[in-house]
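Remarks on the overall topology
In case you want the letters, here they are:
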Amino acid sequence: MVEWTDFERATIMDIFSKIDYDVVGPRALSRCLVVYPWTQRYFGNFGNLYNAAAIIANPLVAKHGTTILHGMDRAMKNMDNIKETYAELSVLHSEKLHVDPDNFKLLSDCLTIVVAAQWGKEFTGEVQAAFQKFLAVVVSSLGRQYH
């Protein structure tokens, strides 16, 4: 079980209370698909992903990016039991969708960049450390079924 400090809990809740899911989610997923183009293979039914402009403008990418953030919202609301909260998602991504678990880390890195850009100087080292700890637990929980 992960131990969370009061600062970490408050920081994670503060981040999620201040971000616009409909902006941050699509930006993070779009960035991931542009920077790591091999991740596009899981989105073959999303239509045109031929270049950065097409990815950014793709409504299915935007919708899924928002869905991902709402999924992370579930983790934020269940910080003491993220692994159990994500048990079904882990099975889905490993057994049905066959997503490479390394892609979860890539997406979490892109999410960190997008949140940092939005927060600016408020995204201090301490805030980043708390956020990345949270994301590491999310990534580990999603990859749990693979082990």
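The preceding data block contains the structure.
Structure report, in brief. (Residues numbered from 1 in each chain as written. Predicted model: local features only at pLDDT ≥ 70, side-chain atom pairs only at ≥ 80, totals over all residues. Heavy atoms only, no water.)

As for the pattern of salt bridges
- All told, the structure shown has six salt bridges when counted by the stated rule.
- Residue Lys 18 pairs with Asp 14 through a salt bridge whose shortest N-O separation is 3.3 Å. One end of the pair, Lys 18, and the other, Asp 14, are both in helix α1 (residues 6-18), four residues apart, so they sit about a helical turn from each other.
- In this structure Asp 14 comes out as partly exposed when scored by relative accessible area, which is 27%.
- Residue Glu 122 pairs with Lys 18 through a salt bridge whose shortest N-O separation is 3.7 Å. Here Glu 122, found in the loop between α7 (102-119) and α8 (125-142), pairs with Lys 18, found in helix α1; they are 104 residues apart in sequence, far enough to count as distant. (Salt bridge = Lys/Arg side-chain N within 4 Å of Asp/Glu carboxyl O. Helix = DSSP H or I, 4+ residues; strand = E, 2+ residues; numbered from the N terminus. Buried < 20%, exposed > 50% of the residue type's maximum accessible area, 1.4 Å probe, protein only.)

A closer look at the packing of helix α2 (residues 21-35) against α7
- Relative orientation of the contacting elements α2 and α7 amounts to 130 degrees, with a least axis distance of 8 Å. Taken as axis vectors, α2 and α7 run oblique relative to one another. Between α2 and α7 lies a crossing of right-handed hand. Contacts between α2 and α7 involve Val 24, Arg 27, Ala 28, Leu 29, Arg 31 and Cys 32 from the first element and Leu 106, Leu 107, Cys 110, Leu 111, Ile 113, Val 114, Val 115 and Gln 118 from the second. (Axes fitted to C-alpha atoms, helices over the stretch in contact; angles between N-to-C directions. Parallel < 35°, antiparallel > 145°, perpendicular 65-115°, else oblique. Left-handed = near helix turned anticlockwise from the far one by under 90°. Contact = heavy atoms within 4.5 Å.)

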